[in-house]
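Structural description and commentary
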Amino acid sequence: MSAHKIPVSVLVVIHTADGQVLLMERADAPGFWQSVTGSQDAGETLEQTAIREVREETGLDAGEFELTPWAIETRFEIYERWRHRYAPGVTHNIEHVFGLKLPAPRPVTLAPREHLRYLWLPWQEAAQRCFSPSNAAAIRLLPARL
């Protein structure tokens, strides 16, 4: 396995049928709230990456719920503070958005090294709280998908 992250990732907006969104606070950047995100591993499909990341970050089994690719790709510059995780010269990442619909908010089991705490918030509030513009933009598309 490569020591460097692949610059292809998933963003999984975990939400309820009535538009509540799960956000988690990053352990390595307190105050930075986000949806489930993670880089693709070699040989994985994007859907496999989404399922793995949801399990690792929340303990939820995405197979029990409705996981939907949203056909949104965002190319963005990798924040300087996290560039060391990628091969030298890699400055941009391609993020693929998925939605995971749950019937109602439920407790999740955080990966302590990744996240400090979580909240279920109405989608408007969740979008405002996200530090990532692409994460906020994806959440703002949620009403059209409910």
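Note that the structure is a prediction, hence the values are computed from the model and not measured.

Rules and cut-offs
Residues numbered from 1 in each chain as written. Predicted model: local features only at pLDDT ≥ 70, side-chain atom pairs only at ≥ 80, totals over all residues. Heavy atoms only, no water. 1 Å grid on protein atoms, 1.4 Å probe; cavity = no way out; pocket = protein on both sides within 12 Å on 5 of 7 lines; lining within 4 Å. Points joined across faces, edges and corners; volume = space filled by probe spheres on them. Helix = DSSP H or I, 4+ residues; strand = E, 2+ residues; numbered from the N terminus. Nonpolar A, V, L, I, M, F, W, Y, C, P; charged D, E, K, R; others polar.

Before going further, it helps to spend a moment on the layout of surface pockets. Roughly 890 Å³ of volume is contained in the largest pocket. Taken together, 39 residues form the lining of the largest pocket, with Lys5, Gly38, Ser39, Arg85 and Tyr86 sitting closest to its centre. Put simply, the parts of the chain that give the lining of the largest pocket at least two residues each are β1 (8–16), β4 (36–39), α1 (46–58), β5 (66–77), β6 (92–102) and α3 (133–140). The element best represented in the lining of the largest pocket is α1, accounting for 4 residues. Residues belonging to the lining of the largest pocket are distributed by class as follows: 13 nonpolar, 13 polar and 13 charged.

By secondary structure assignment, the location of Glu125 is in helix α2 (residues 123–129). Residues Glu125 and Ala136 lie 11 residues apart in sequence; the distance between their C-alpha atoms is 9.8 Å.

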